[in-house]
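Descriptive structure summary
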Amino acid sequence: MTVEQQARGAAGAGRRRSRKDEILEIAVGLFAARGYHGVSMDDIGAAAGVTGPALYHHFAGKEAMLAAALIPVSEGLLAGGRERAAGRSDDPRGVLESLIDYHVEFALANPAVIALHLHELDRLPEEPRRRIRRLQRLYVEEWVTVLTALHPGMPDGEARVLAHAAFGLMNSTPFLGGEVDRRRRAELLRGATLAALLA
């Protein structure tokens, strides 16, 4: 099966989405598989079953697609992190476990988006790139707050190092093969991340 067929199949799965959302999902899959510069608007159009020029009805161009894929993800991660930490300052271990569960589930469900974050973020113009970096920093700070509560006396800088190390572990999902089923991958990622952050 070609990348285009996989992308088209992914767009048809699940709940009914707008045509714009379907096109965006196809673009994300192609960008992740071939790299941003390896995909043209015509490639995306062909995979989506429309002409390349028709895509401009939905997006101004590839940069707009990339921003539309990455900004909501960063906003969603921050909102989800804050939701899990809200009102639970007396239970940092429980908050940490909840944050790990949340991030692992996100990472397993969105390996293509993670690949884009890792490899293509610098392709964006300065304004959306800065916006995403700011959202990412705020998300990291949710983890720093929990880690410094769990490890009294730990400087914030050291907690940031641990948080980024944990993200590296959990965000390894684009590179994991299918030889281990999803449920077990989730268990392994959660256990390894928790052990690393509690050490």
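Sequence order as written defines residue numbering, which begins from 1 separately in each chain. Side-chain atom pairs in this predicted model are given and counted only at pLDDT of 80 or more, local residue features only at pLDDT of at least 70, and totals for whole chains, interfaces and linings cover all residues. To obtain the side-chain values, all non-hydrogen atoms of the structure were included, while hydrogens and water were left out.

As annotated in an unreviewed UniProt entry, the protein carries the name AcrR family transcriptional regulator and is attributed to Micromonospora ureilytica.

**Re helix α9 (residues 182-198)**
Put simply, the rule reads: Per the convention used, a helix needs a DSSP run of H or I reaching at least four residues, while a strand needs a run of E reaching at least two, with both numbered from the N terminus. By this rule the span expected of a helix is its residue count minus one, scaled by 1.5 Å. Relative accessibility under 20% of the residue-type maximum defines a buried residue, over 50% an exposed one, and the middle range a partly exposed one, all with a 1.4 Å probe and only protein chains included. Read the arc as the range of directions from the helix axis to the C-beta atoms. Contact criterion: two residues are considered in contact whenever any of their non-hydrogen atoms come within 4.5 Å of each other. N or O atoms closer than or at 3.5 Å make up a polar contact, with two conditions inside protein: a donor-capable atom paired with an acceptor-capable one, and, for residues adjacent in sequence, both atoms drawn from side chains.
Helix length check: α9 (17 residues) gives 24 Å between terminal C-alpha atoms against 24 Å at 1.5 Å per residue, within 8%. Every buried residue of α9 is listed here: Ala186, Leu189, Thr193, Leu194 and Leu197. The buried residues of α9 occupy an angular sector of 120° when projected down its axis, which confines them to one face. Looking at the buried positions of α9, the neighbouring elements they touch are α5 (92-109), α7 (126-150) and α8 (156-170). For α9, the N-terminal capping position is held by Asp181, with its side-chain oxygen 3.1 Å away from the main-chain nitrogen of Arg183.

**Thoughts on the packing of helix α4 (residues 62-85) against α7**
Formally: Inter-axis angles, ranging from 0 to 180 degrees, are taken between N-to-C directions of lines fitted to C-alpha atoms, where helices are fitted over the stretch in contact. Angles below 35 degrees are treated as roughly parallel, those above 145 as roughly antiparallel, those between 65 and 115 as roughly perpendicular, and all remaining angles as oblique. The hand of a helix crossing depends on one turn: near helix anticlockwise from the far one by less than a right angle means left-handed, and clockwise means right-handed. As a working rule, the residues Ala, Val, Leu, Ile, Met, Phe, Trp, Tyr, Cys and Pro are called nonpolar, Asp, Glu, Lys and Arg charged, and the rest polar, with Gly in that last group.
Where α4 contacts α7, the two axes come as close as 9 Å, and the packing angle between them is 20°. Relative to α7, the element α4 is oriented roughly parallel. The hand of the α4/α7 crossing is left-handed. Counted together, Ala67, Leu70, Ile71, Ser74, Glu75, Leu77, Leu78, Gly81, Arg82 and Ala85 of α4 and Pro128, Arg131, Ile132, Leu135, Gln136, Leu138, Tyr139 and Glu142 of α7 form the full contact between these two elements. Classifying every residue of the contact of α4 with α7 gives eleven nonpolar, three polar and four charged.

**Overview of the environment of Glu120**
Relative to the elements of secondary structure, Glu120 occurs in helix α6 (residues 111-120). Under the relative-accessibility criterion, Glu120 is labelled buried at 6%. Through-space distance from the C-alpha of Glu120 to that of Glu179 is 27 Å; in sequence the pair is 59 residues apart. In this structure the side chain of Glu120 is engaged in a polar contact, spanning 3.0 Å, whose partner is the backbone nitrogen of Tyr36.

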